[in-house]
Amino acid sequence: NAGVTQTPKFRILKIGQSMTLQCAQDMNHNYMYWYRQDPGMGLKLIYYSVGAGITDKGEVPNGYNVSRSTTEDFPLRLELAAPSQTSVYFCASSYSNGGYTFGSGTRLTVV
Amino acid sequence: QKEVEQNSGPLSVPEGAIASLNCTYSDRGSQSFFWYRQYSGKSPELIMSIYSNGDKEDGRFTAQLNKASQYVSLLIRDSQPSDSATYLCAVFGAGNTPLVFGKGTRLSVIA
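Only a predicted model underlies this, so the values are computations on that prediction, with no experimental measurement involved.

The rules we used
Residues numbered from 1 in each chain as written. Chains lettered and ligands numbered in written order. Predicted model: local features only at pLDDT ≥ 70, side-chain atom pairs only at ≥ 80, totals over all residues. Heavy atoms only, no water. Helix = DSSP H or I, 4+ residues; strand = E, 2+ residues; numbered from the N terminus. Rg over C-alpha atoms; globule rule 2.2 N^0.38 Å. Buried < 20%, exposed > 50% of the residue type's maximum accessible area, 1.4 Å probe, protein only. Areas by Shrake-Rupley, 256 points an atom, 1.4 Å probe, with all protein chains shown as cover. Lys, Arg positive; Asp, Glu negative; His and termini not counted. Charge placed at Lys NZ, Arg CZ, Asp CG, Glu CD. Pairing = 2+ DSSP bridges. Contact = heavy atoms within 4.5 Å. Buried area = accessible area lost by both parts, 1.4 Å probe. Salt bridge = Lys/Arg side-chain N within 4 Å of Asp/Glu carboxyl O. Polar contact = N/O pair within 3.5 Å; in protein donor to acceptor, adjacent residues only side chain to side chain. Nonpolar A, V, L, I, M, F, W, Y, C, P; charged D, E, K, R; others polar. Phe/Tyr/Trp six-rings, centres within 6.5 Å; stacked < 30°, edge-to-face > 60°. Axes fitted to C-alpha atoms, helices over the stretch in contact; angles between N-to-C directions.

Visitor: Explanation requested: the overall build of chain B in the structure shown.
Guide: Secondary structure summary: chain B contains zero helices and 11 strands in total. Reading chain B from its N terminus to its C terminus gives the helix and strand order β-β-β-β-β-β-β-β-β-β-β. Computed over the C-alpha atoms, the radius of gyration of chain B is 13 Å, within 12% of the 13 Å expected from 2.2 N^0.38 for a compact globule of 111 residues. By principal-axis analysis of the C-alpha atoms, chain B measures approximately 45 × 30 × 20 Å. Each of the 111 residues in chain B was classed as buried or not, and the buried ones make up 46%. With the model as given, the accessible surface of chain B reaches about 5,200 Å², and the carbon-plus-sulfur share is 47%. Once the 10 positive and 10 negative side-chain charges of chain B are each reduced to a mean point, those two points are 5 Å apart.

Here you go:
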């Protein structure tokens, strides 16, 4: 049972480039989330999904897009990367009101 | 804007002592409360959940909830150097909106 798998673990992007952060879970959780974590700033919600085909914006959605075509996968797309998107990105999943299971994170640097 | 407040620390305690971590939240309708532990460079890990007023014990950890005062705490008894980490308080609001996280309290247990 792998839990929540995130790829890649590390990435360096140049300003203006695009990339997709992958997230997959094998626990049959309906709910999935993307957070970013900056030093000393806690976890900020980017987007979340309550089921396949349904997505909603979180606190800091600008510059990101998501899709949820299957229960298992919830990729996060960065278009036109900016230095302000340098952060650690965590994907998580849960049942409706249970505690989250987090992936191991993606450390992204935009230069 | 729902808020979860924690002292950033660092909180330093000697080995074997009780560490007390505190959290307040702004949404009076909040229903579910969680404590996560995050080691440096790692993802958050769920250690406690609490849903009702009072105390909930699990091994060396005790979570305390006072909804009237909008206050959640985590006590760690017989603190060990391996407990040194950042502890994140997280709160579910009414309607199963996604978890809102505090910025975390950094705990250092001194051997």
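Visitor: Is there a simple way to think about the pairing of strand β3 (residues 19–25) of chain B in this case?
Guide: Consecutive side chains of a regular strand alternate in pointing toward one face of the sheet and then the other. All names here are of chain B. Burial along β3 is one-sided: the face carrying Ala-19, Leu-21, Cys-23 and Tyr-25 is buried and the face carrying Ser-20, Asn-22 and Thr-24 is not. As defined by bridge partners, strand β1 (residues 4–5) adjoins β3 across two bridges and the pair is classed as antiparallel. Note on β3: the bridge partner recorded for Val-4 is Tyr-25.

Visitor: Would you take a moment to explain the interface of chain A and chain B for this structure?
Guide: Accessible area lost during the coming together of the parts is what is often quoted as the interface size. If you look at the interface, chain A gives 21 residues, while chain B gives 19 residues. For the chain A and chain B pair, buried surface summed over both sides reaches about 1,500 Å², with 59% attributable to carbon and sulfur atoms. Inspection of the chain A/chain B interface yields zero salt bridges. Between chain A and chain B we count five residue pairs in polar contact (both at pLDDT 80 or more) in total. When contributions to the side of chain A that touches chain B are tallied by element, the ones reaching two or more residues are β4 (31–37) and β5 (43–51) of chain A. Among the elements that line the side of chain A that touches chain B, the one with the most residues is β4 of chain A, at four residues. Split into classes, the residues belonging to the side of chain A that touches chain B amount to 10 nonpolar, nine polar and two charged.

Visitor: How should the packing of aromatic side chains be read in this particular structure?
Guide: For any pair of aromatic rings, the description rests on two quantities: the centre-to-centre distance and the angle between the ring planes. Residues and elements named next belong to chain A. Scanning the model with the defined rule gives 18 aromatic pairs over all chains in all. Considering the side-chain rings of Phe-90 and Phe-102, the 6.1 Å spacing of their centres and the 90° angle between planes classify their relative orientation as edge-to-face. Taken together, the positions of Phe-90 in strand β9 (residues 87–94) and Phe-102 in strand β10 (residues 101–102) put the pair 12 residues apart, joining distant regions of the chain. Residues Phe-90 and Phe-102 agree in their burial class; the two are buried.

Visitor: Explain the sheet that holds strand β8 (residues 76–78) of chain A here, please?
Guide: Strands pair in a sheet through their backbones, by hydrogen bonds, and they do so in one of two ways: parallel or antiparallel. Residue and element names in this part refer to chain A. In spatial order, the strands read β1-β3-β8-β7; together these four strands make up an open sheet with antiparallel pairing. Edge positions in the sheet fall to β1 (4–7) and β7 (64–66), since each has one partner strand and no second. Along the sheet, successive strands turn relative to each other by an average axial angle of 20°, direction set aside. In this sheet, strand β3 (residues 19–25) lies alongside β1 in antiparallel orientation, the contact comprising four bridges. In the strand pairing of β3, Gln-6 is matched with Cys-23.

Visitor: Looking at this model, I keep getting lost on the side chain of Ser-94 of chain A. Mind explaining?
Guide: Residue and element names in this part refer to chain A. Here Ser-94 lies in strand β9. Exposure remark for Ser-94: the relative accessible area of 0% places this residue in the buried category. Among the polar contacts listed, one links the side chain of Ser-94 to the side chain of Tyr-33, at a separation of 2.9 Å. Excluding anything up to four places from it in sequence, Ser-94 contacts His-29, Asn-30, Tyr-31, Tyr-33, Gly-99 and Tyr-100.

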